[in-house]
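Here are the chains, one letter per residue:
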Amino acid sequence: MTLQVYAAQLSLDNDTAVHDLKLYGQLYFNYKNVPVSRSLVNDKEIWHKADAVKQKPKITSYSKLLKLDISNTSSEQTWYISFGYARLPLLRIYEVSTDSVVKVFELQPYHNYFDRKIDDPQLYVPVKLEQNSTKTLLIEYQTFANASANIRLHNYSHYLRTSQQSTMVNGAISGIVFAILLIILVNLFFNPNKTNVFYALWTFTFFMIVVDMAGFTSKYIWPHLGAESSKFSIFLMTTVPILHILFLKSFLQLQRYHKKLNITYKVVLALYTLLIPLSLWLNTVFFNLVLSSLIIPLFLYTVSWSWNQKAPGIRVFSLSLFNHVLFVNIFTIVGASFGNIFPNFAIADYIKVGYLLEVCLFTIALAIQNKSLQNQFVSYLQEQVGSLQENLSEEKLQHVSNINEVKIKEEQLFADLSHELRTPLTVMKIQVESLQHNIVDNVHLSYGKLMNKIDELNGFIDNLMKVTPSGEVYKNPNIKTVNIKGLLSSIKSIHDSSNTLSITTPDVMTYDVREQMRCFDYDQEGFKIVLEECYQNASSHGGAQVAVSVHVDNEKDEVVISIDNSGSTINEKDFNRIFSPLVRLDGSRQNGQSHNGMGLSLCKKIIESSNGQISAANSKLGGLAIHVIFPLKA
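Okay, so let's go over this structure. Keep in mind the model is a prediction, meaning the values are calculated, not measured.

Some words on the overall build of the protein chain
- Summing up its helical and strand segments, the protein chain has 18 helices and 18 strands in all.
- The buried share among the 634 residues of the protein chain stands at 47%.
- Looking at the protein chain as shown, the accessible area adds up to about 32200 Å², and 57% of this sits on carbon and sulfur atoms.

And the structure:
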């Protein structure tokens, strides 16, 4: 036997502004989508008290029928029904009499926003109820994923207040999420990596979900689309967990720290991806909800594991993930959609609040992580600068006890070295202090300046090592036997690669065949460096109009290569000094040249490693002449 329980009649008066219709109505789950008829309404076996009925999870969408007896003793004739959603896949309202069932309102999937009776982002339907009369209403509706609806009846003032409040709250939540999205995009611009890319995409998708649930897409973006709006909502709901899991994997670096968990998430990602076309084809997210319910233990394990890690911001991240499990997976999906724990649950509100808290916590976790990485980088730079300064001090103290002559040379050497290092070190120190105190406008640009200065110091130290007596670079040069003809061709090729100077090179045709065949040993690549350094010095000290001339003479048993330029000359007492390391003449320092006094000392090292000689003299062109001498073979 079936015990029938009848709901009490709803009586409208002036004292109560809103009524929960499930407390007064009878409900029937139309799983087979039987057409509404008078016989269906009269079948007492199928109707049960609405607040006591438990729905069953179904793959396909089905209609729910709510039957109400309403008497209106209030002074208002128009009341407003709301469902807690911006739109429904299907909605029909009937007036039931003793001999007929008359449909008074209908919204089908193909209807658009302008088919509504009220211009509001959320769905409100006005119902006419005459004073001192009784009417039986039948409400047939479907919801997305067969979720429960919060069906209420409002008088005009309460409807107006609720509508305005809903629009303001949804607008505020959308604005907050959009502001967070802008912060994430700025962070992505300065720190482009997979984690930030996935987080930006996930936050954007969540922002679109908030806008869609608020009804702003239906009203402001595509008001003429009906069924397409439902497809878009399904696409958002099936895509957001994929981006969420991709962000989790990347932030936690599971590939490195927990490979088994990483493999599990890959399997879940594959399942979610396969469900996207299935959901769009079947027009349901049932299977996504099932998977989101089954994934709860995996998320809880991830929360437990991440909580015990020591990475910066990891515990805030764990709290955000637990918030997701609680609000989205447990409350919304299991509690409201499947478990019937909360039959009058405001699903849309809890999804938006849960996601909002999660995004805020995720953003805080990323900010803590980025700040920690920045502090580590600043500490590393400080250690490197301090170590470099300490090494310089130790080197200077180590040579204090040498003889006077060596002492004078070393003092000069350290003076030059200090001059070369002072400027980049000062720039680095200023940048480090600016980063440490967060007073820079562009962190990315400051890091770039620091890295450029570090590269400049590394290049300087490399060149310094090459010219020291213990330098290993040219102990075993690549010496080959070539003839003068090959030398002339090499000079010509180097000249062709330079397009900034007016260079005159020797012509092969001015040498007879016998002279061209005379051979000598030298390092061809090293000599190229020497020649290019001479060209660069000519350009730096002679200006754009400087002229360079290269002569090759094979007098007696040696070949002499002379590189003359028309630039500025130097005193004869400096001819030997310019080949010493770290020597820059006063003029070059005062005119702001970027040379560090290493070029000619490196040239001397190269030539001497090939058993040659190098010297300087005044040039016939008015500037400086560099003479390179190699012994000829018999």
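Here we look at the side chain of Thr203
- By the secondary structure assignment, Thr203 is in helix α3 (residues 194-213).
- In terms of polar contacts, Thr203 uses its side chain to reach the backbone carbonyl oxygen of Tyr199, at 2.7 Å.

Points about unusual backbone geometry
- Here the phi dihedral of Asn132 falls at roughly 55°; this positive angle occurs in a residue that is not glycine.
- Residue classification places Asn132 among the exposed positions, given a relative accessible area of 68%.
- We note that Gln253 has phi near 50°; this positive angle belongs to a residue other than glycine.
- As for its placement among the helices and strands, Gln253 is situated in the loop between α5 (227-252) and α6 (254-257).

Some words on the packing of helix α7 (residues 259-282) against helix α9 (residues 296-307)
- For the pair α7 and α9, the least separation of the axes is 12 Å and the interaxial angle reads 150°. In terms of orientation, α7 and α9 fall into the roughly antiparallel class. The two elements α7 and α9 cross, and the hand of that crossing is left-handed. Note on element contacts: α9 touches α7 through Leu298, Phe299, Tyr301, Thr302 and Trp305, opposite Leu261, Thr264, Tyr265 and Val268.

Quick notes on the sheet that holds strand β16 (residues 558-565)
- Spatially, β13-β15-β16-β18-β17 is the arrangement adopted by the five strands of the open sheet, whose pairing is mixed. The two strands at the open ends of the sheet, each matched to only one other strand, are β13 (502-504) and β17 (613-618). Averaged over neighbouring strand pairs, the angle between their axes works out to 15° when direction is ignored.

Points about the packing of aromatic side chains
- Applying the stated rule across the entire model yields 26 aromatic pairs.
- When the centroid spacing of 6.0 Å and the interplanar angle of 50° are considered together, the rings of Phe83 and Tyr141 count as tilted. Taken together, the residues Phe83 in the loop between β6 (78-82) and β7 (90-96) and Tyr141 in strand β10 (residues 133-142) connect sequence positions 58 residues apart. For the pair Phe83 and Tyr141, one class covers both residues: buried.
- Through a chain of ring-to-ring contacts, the aromatic side chains of Tyr199, Trp202, Phe247, Phe251 and Phe317 assemble into a single cluster.
- In this structure, Lys67 is placed above the aromatic ring of Trp47, and the distance from its NZ or CZ to the ring centre is 4.6 Å.

As for the pattern of salt bridges
- Tallied over the entire structure, the rule returns eight salt bridges.
- A salt bridge links Glu95 to Lys135; the shortest N-O distance between them is 3.0 Å. Of this pair, Glu95 sits in strand β7 while Lys135 sits in strand β10, and the two are 40 residues apart along the sequence.
- Residue classification places Glu95 among the partly exposed positions, given a relative accessible area of 29%.
- Residue Lys633 is joined to Asp521 by a salt bridge in which the shortest nitrogen-to-oxygen separation is 3.1 Å. Of this pair, Lys633 sits in the segment after β18 (624-631) while Asp521 sits in strand β14 (residues 519-523), placing them 112 residues apart in sequence.
- Asp521 sits in the partly exposed class, given a relative accessible area of 28%.
- Within this structure, Arg92, Lys103, Glu106 and Glu140 form a network of salt bridges that share partners.

A word on the sheet that holds strand β11 (residues 152-154)
- Taken together, the four strands give an open sheet; going across it, the order is β2-β11-β6-β9, and neighbouring strands pair in antiparallel fashion. Two strands bound the open sheet, and with one partner strand each, they are β2 (18-20) and β9 (124-128). If you compare each strand with its neighbour and ignore which way they point, the axes differ by 25° on average.
- As paired strands, β6 and β9 are joined by five bridges and run antiparallel to one another. Of the residues in β9, the one forming a bridge with Ser82 is Tyr124.

As for a nonpolar patch on the surface
- A contiguous nonpolar patch, built from Ile263, Val267, Leu271 and Leu274 and spanning about 390 Å² of accessible area, is present on the exposed surface.
- Its relative accessible area of 41% is what places Leu271 among the partly exposed residues.

Side note on α9
- When the terminal C-alpha atoms of α9 are compared, their 16 Å separation across 12 residues agrees well with the 16 Å that a helix rising 1.5 Å per residue should span.
- Every buried residue of α9 is listed here: Ile296, Leu298, Phe299, Thr302, Val303, Trp305 and Ser306.

Considerations on α5
- For α5, built from 26 residues, the straight-helix expectation of 38 Å at 1.5 Å per residue is met to within 8% by its first-to-last C-alpha distance of 39 Å.
- In the segment just after α5, Gln253 is the residue with positive phi, at about 50°.

Rules behind the numbers
Residues numbered from 1 in each chain as written. Predicted model: local features only at pLDDT ≥ 70, side-chain atom pairs only at ≥ 80, totals over all residues. Heavy atoms only, no water. Helix = DSSP H or I, 4+ residues; strand = E, 2+ residues; numbered from the N terminus. Buried < 20%, exposed > 50% of the residue type's maximum accessible area, 1.4 Å probe, protein only. Areas by Shrake-Rupley, 256 points an atom, 1.4 Å probe, with all protein chains shown as cover. Polar contact = N/O pair within 3.5 Å; in protein donor to acceptor, adjacent residues only side chain to side chain. Axes fitted to C-alpha atoms, helices over the stretch in contact; angles between N-to-C directions. Parallel < 35°, antiparallel > 145°, perpendicular 65-115°, else oblique. Left-handed = near helix turned anticlockwise from the far one by under 90°. Contact = heavy atoms within 4.5 Å. Pairing = 2+ DSSP bridges. Phe/Tyr/Trp six-rings, centres within 6.5 Å; stacked < 30°, edge-to-face > 60°. Lys NZ or Arg CZ within 6 Å of the ring centre and 35° of its normal. Salt bridge = Lys/Arg side-chain N within 4 Å of Asp/Glu carboxyl O. Patch = residues over 30% accessible without salt bridge, like charges linked within 9 Å, V, L, I, M, F, W, Y side chains within 5 Å. Expected span 1.5 Å × (residues − 1).

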